[in-house]
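# Topology and contacts: notes
Given next are the chains, with one letter for each unit.
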There are 2 protein chains.
Amino acid sequence: MKIIDISVPLRQGMVVWPGDRPVEIRRLKSDEEGRSNVSELCLSDHTGTHVDPPLHYVPGGRPIDELPLDPFLGSADVVDFPGVDSITAADLERRGIPGDCRRLLLRTRNSDYWARGDNEFHKDYVSLSLDGAEWVVRRGVLLVGIDYLSIAPYGAQGAAVHRALLGAGVIALETVNLSGVSPGRYQLACLPLLIAGGDGAPTRAVLWTDE
Amino acid sequence: MKIIDISVPLRQGMVVWPGDRPVEIRRLKSDEEGRSNVSELCLSDHTGTHVDPPLHYVPGGRPIDELPLDPFLGSADVVDFPGVDSITAADLERRGIPGDCRRLLLRTRNSDYWARGDNEFHKDYVSLSLDGAEWVVRRGVLLVGIDYLSIAPYGAQGAAVHRALLGAGVIALETVNLSGVSPGRYQLACLPLLIAGGDGAPTRAVLWTDE
């Protein structure tokens, strides 16, 4: 079994959504005192590789701990969108995505940021358009992932795209690093931290094949 | 595929190791303002269901982000220890644990605490003894999990048990809820958050079978 880590590491000062809480990691106890090493971690629940449940954008929507686990474990299709700035329904249609796709990972030029260790926020990241989100919902996809901090475009349209997905119960997986991942079918695990009532949750996301 | 969640939920005020940082979860943005719901999460990296890498107890040991992923994904054996207070090498030997066991989950009366929502810390939890830890190391197990906040006994002996495991590169998975899980072989995913330099990391742990 070959496991591919598609997670973006959590570290102090890492890029976060504009205005979001910075990541703080601080050692509380140290082995220099002959004890164990223990640290504290303070972060927004939408930091690094993370999952959006309906509650993130839908008033009264399901929180993390009320979600079924199927979206987070099972086969997934990595689909490449080179040279695309906004992924539309037409773009998705053209890719010949398998009809039984239940977990869809969108690989774009955003992954180059992770590959080169870029830590700036870029407003012009590649995202899913509103009609692209509607296509995903129509196709019965359980989870859609993208290689930037948001699946939705920056600015006013962002809420509409989130609501189209989350309102239909489609989970978003955000901030994955798909650089170096070839398009195709994999097994995916991206089980989010079990946060009671959580409106988001960090996760460790990996792909594997049985080869 | 039937997925069994063996994670203990993260929530404000949940039981933590004595002296450890309490869990604080606070909403930063709310949909009542027509925006998204976003929260912050502050916790010790050894809170709730979590993983101990060597760095937790071994000076210069490997942190979370330098671990191979094999311990966290693959077949696992759930083994029951009813009526046992400290799991010794003899106890392990008697269980007839399969020779190809690479991930071992110890189910004890500790799981009753999670089943009944007990939120107190109990010093007399069931743990792994030092010779039990040495048995686990000898058998080539990659990861050993237990249903309480520590794999090791409370008090002075705790460091020795941790060091026996972590010093040999055996990962500990702590604070899982195995109540209602029948002994036997499963598939396990317990991929820890990718914390750069992390001396511990929360995880979502699940078991599944292909039935």
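Residues numbered from 1 in each chain as written. Chains lettered and ligands numbered in written order. Predicted model: local features only at pLDDT ≥ 70, side-chain atom pairs only at ≥ 80, totals over all residues.

### Things to note about the overall build of chain A
- Counting secondary structure elements, chain A contains four helices and 13 strands.
- Against the globule reference of 17 Å for 211 residues, chain A gives a C-alpha radius of gyration of 17 Å, in line with a compact fold.
- Taken over 211 residues, chain A has a buried fraction of 49%.
- Sequence separation of 24 or more characterises 73% of the internal contacts of chain A that already satisfy a separation of 6 or more. (Helix = DSSP H or I, 4+ residues; strand = E, 2+ residues; numbered from the N terminus. Rg over C-alpha atoms; globule rule 2.2 N^0.38 Å. Buried ≥ 20, exposed ≤ 12 C-beta atoms within 10 Å, placed from the backbone. Contact = placed C-beta atoms within 7 Å.)

### Digging into helix 4 (residues 157-167) of chain A
Residue and element names in this part refer to chain A.
- Here helix 4 has its buried residues at Val161, His162, Ala164, Leu165 and Leu166.
- Packing partners of the buried residues in helix 4 comprise strand 4 (50-52), strand 8 (127-128), helix 3 (130-138), strand 9 (143-146) and strand 10 (171-174).
- Residue Gly169 follows helix 4 closely and has a positive phi angle near 85°.

### Quick word on the relation of the copies chain B and chain A
- With an RMSD of 0.0 Å, the fit of chain B onto chain A corresponds to turning through 180° and sliding 0.0 Å along the axis. Viewed as a symmetry operation, the transformation between the two copies matches a two-fold axis. The rotation axis passes nearest to the C-alpha of Cys42 of chain B in chain B, at a distance of 2.1 Å.
- Interface overlap between copies is the fraction of interface residues in one copy that are interface residues in the other; for chain B against chain A it reaches 100%, indicating a shared surface. (Least-squares fit on C-alpha atoms with pLDDT ≥ 70 in both.)

### As for the sheet that holds strand 7 (residues 103-107) of chain B
All names here are of chain B.
- Pairing in this open sheet of nine strands is mixed, and the strands run 1-13-11-5-7-9-10-4-12 from one edge to the other. Whereas interior strands pair on both sides, the edge strands pair on one side only; in this sheet they are strand 1 (2-5) and strand 12 (201-202).
- Two strands pair when backbone bridges link them, and strand 1 and strand 13 (residues 206-209) are joined in this way by four bridges, in the antiparallel orientation. Residue pairing for strand 13: Lys2 is matched across the bridge by Thr209. (Pairing = 2+ DSSP bridges.)

### Here we look at the interface of chain B and chain A
- Each partner contributes to the interface: chain B provides 42 residues, whereas chain A provides 42 residues.
- Of all the secondary structure elements, the ones that give two or more residues to the side of chain B that touches chain A are strand 1, strand 2 (24-29) and strand 3 (38-44) of chain B.
- The element that contributes the greatest number of residues to the side of chain B that touches chain A is strand 3 of chain B, accounting for seven residues.
- Pairing of strand 3 (residues 38-44) of chain A with strand 3 of chain B involves five bridges; the strand directions are antiparallel.

### With respect to helix 3 (residues 130-138) of chain B
All names here are of chain B.
- Listed in full, the buried residues belonging to helix 3 are Gly132, Ala133, Trp135 and Val136. Angularly, the buried residues of helix 3 cover 155° about the axis, an arc narrow enough to put them on a single face.
- Residues of helix 3 that are buried make contact with strand 6 (86-87), helix 1 (89-94), strand 7, strand 8 (127-128), strand 9 (143-146) and helix 4 (157-167).
- In the segment just after helix 3, Gly140 is the residue with positive phi, at about 75°. (Arc of directions from axis to C-beta.)

### Some words on the packing of helix 3 of chain B against helix 4 of chain B
All names here are of chain B.
- Packing of helix 3 against helix 4 leaves a shortest axis separation of 9 Å and a crossing angle of 5°. The orientation of helix 3 with respect to helix 4, classified from their angle, is roughly parallel. Seen from helix 3, the contacting residues are Leu130, Ala133, Glu134, Val136 and Val137; seen from helix 4, they are Gln157, Ala160, Val161, Ala164 and Leu165.
- Residues of the contact of helix 3 with helix 4, tallied by class, amount to eight nonpolar, one polar and one charged. (Axes fitted to C-alpha atoms, helices over the stretch in contact; angles between N-to-C directions. Parallel < 35°, antiparallel > 145°, perpendicular 65-115°, else oblique. Nonpolar A, V, L, I, M, F, W, Y, C, P; charged D, E, K, R; others polar.)

### Concerning the confidence of the model for chain A
- Scored by pLDDT, chain A comes out at a mean of 96, with 100% of its residues at no less than 70.
- At the level of chain-chain contacts, confidence expressed as ipTM amounts to 0.97, with global pTM at 0.97. (pLDDT = per-residue confidence, 0-100.)

### Considering the sheet that holds strand 4 of chain A
Residue and element names in this part refer to chain A.
- Strands sit in the order 1-13-11-5-7-9-10-4-12 across an open sheet of nine strands; the sheet is mixed. Two strands lie at the open edges of the sheet, namely strand 1 (2-5) and strand 12 (201-202), each paired on one side alone.
- Strand direction decides the pairing type here: strand 9 and strand 10, joined by three bridges, are parallel. The partner of Val144 across the bridge, within strand 10, is Ala172.

### Quick notes on the pairing of strand 5 (residues 73-80) of chain A
Residue and element names in this part refer to chain A.
- Bridge count for strand 5 against strand 11 (residues 184-189) is six bridges, and the pairing is antiparallel. Bridge pairing in strand 11 links Ala76 to Tyr186.
- With four bridges connecting them, strand 5 and strand 7 (residues 103-107) associate as parallel partners. When the bridges of strand 7 are listed, Val79 appears paired with Leu106.

### What about the nonpolar core?
- By size, the foremost hydrophobic cluster in this structure holds 114 residues, and its most contacted members are Val144, Leu165 and Ala189 of chain A together with Val144, Leu165 and Ala189 of chain B.
- For Leu165 of chain A, the contacting residues outside a window of four places in its chain are Ala133, Val136, Val137, Val144, Ile151, Val170 and Ala172 of chain A. (Core = buried A, V, L, I, M, F, W, Y, C linked by C-beta atoms within 7 Å.)

### Observations regarding the environment of Arg27 of chain B
Residue and element names in this part refer to chain B.
- Examined against the element boundaries, Arg27 turns out to sit in strand 2.
- C-alpha of Arg27 to C-alpha of Ser39: the two residues are twelve residues apart in sequence and 4.0 Å apart in space.
- Contacts of Arg27, omitting those with residues within four sequence positions, involve Asn37 and Ser39.

### Observations concerning unusual backbone geometry
- In this structure, Thr175 of chain A takes a positive phi of about 65° despite not being glycine.
- Looking at the element boundaries, Thr175 of chain A is found in the loop between strand 10 and strand 11.

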